[in-house]
Amino acid sequence: MVVGLGFPARADYARSVDEVWSAYQRRWATTETYAAAFKQRIEVEGIGGRVESAGNFYFAKPDRMRWDYLEGQPQNVVGDGKWIWVYQPDLEQAYKVDYKAAFGSGGLVALLADRQGLTARYRLALVEGVDNLVRIRLAPKAEVGETLEVALAPDTFDLRSVVINDPAGSVTVVEFEQVRRNVKLDDGLFQFTPPQGTDVIASPPPLPRK
């Protein structure tokens, strides 16, 4: 059995989506920080192919985050809860976007931040998979909105991957490895000051290209 969760460490037995979601919420209620290596791939409708990248991810409640892209196009994405910075050192430019405008009240950040009301905006359903992970699909109740598919570790209910399908047709897959919970993260990780000579652009970055 999983201590504190009451589930066996397997993903192939009968249980309700409400039980799984409650277990996830209990786990994340005791998670203040989350750090992991990540692999990401993005498929954008209309351009064909995929854009792949990898790096390190850091998150601290309530909504501070950092993505350091070490493979693929080099960039740093830093969020302090007020602004999102997307810094592209090879282009000497940084995009500055309002945090709420970038993420709204849903998506991966809302999932990690354990914001209230997710079940009011999404319909939850268990999804069968070929691996031993526990998968939940979050489909928007509104006519327009992104759909999430979340994969959780069967023994701890820690986040292992997220698939995001947005209304424009793009699909983003993020897989997490080497997960560490409740580790001390330096506040400087979630702060960004553009280096001298950097062009600051007050708009979201363009969609990735092949």
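Quantities reported herein were computed from a predicted structural model and do not represent experimental measurements. (Residues numbered from 1 in each chain as written. Predicted model: local features only at pLDDT ≥ 70, side-chain atom pairs only at ≥ 80, totals over all residues. Heavy atoms only, no water.)

Engineer: Got a minute to help me understand the overall build of the protein in this structure?
Structural biologist: A tally of helices and strands in the protein yields four helices and twelve strands. Sorting the 210 residues of the protein into buried and exposed places 44% on the buried side. The long-range share in the protein, meaning contacts at least 24 apart out of those at least 6 apart in sequence, stands at 47%. Accessible surface, the protein: about 11300 Å² in total, of which carbon and sulfur atoms supply 49%. (Helix = DSSP H or I, 4+ residues; strand = E, 2+ residues; numbered from the N terminus. Buried < 20%, exposed > 50% of the residue type's maximum accessible area, 1.4 Å probe, protein only. Contact = heavy atoms within 4.5 Å. Areas by Shrake-Rupley, 256 points an atom, 1.4 Å probe, with all protein chains shown as cover.)

Engineer: I'm lost on unusual backbone geometry in this one. Help?
Structural biologist: A negative phi angle is the norm for most residues apart from glycine, just as the trans form is the norm for most peptide bonds. Of note, the amide linkage connecting K61 to P62 takes the cis form, showing an omega dihedral of 10 degrees. In this structure, P62 sits in the loop between β2 (51-60) and β3 (64-71). Phi at E92 is positive, roughly 50 degrees, even though this residue is not glycine. Following the sequence through the fold, E92 ends up in the loop between β5 (83-88) and β6 (93-98). Even without being glycine, Q178 reaches a positive phi, approximately 50 degrees. One can find Q178 in strand β11 (residues 171-181).

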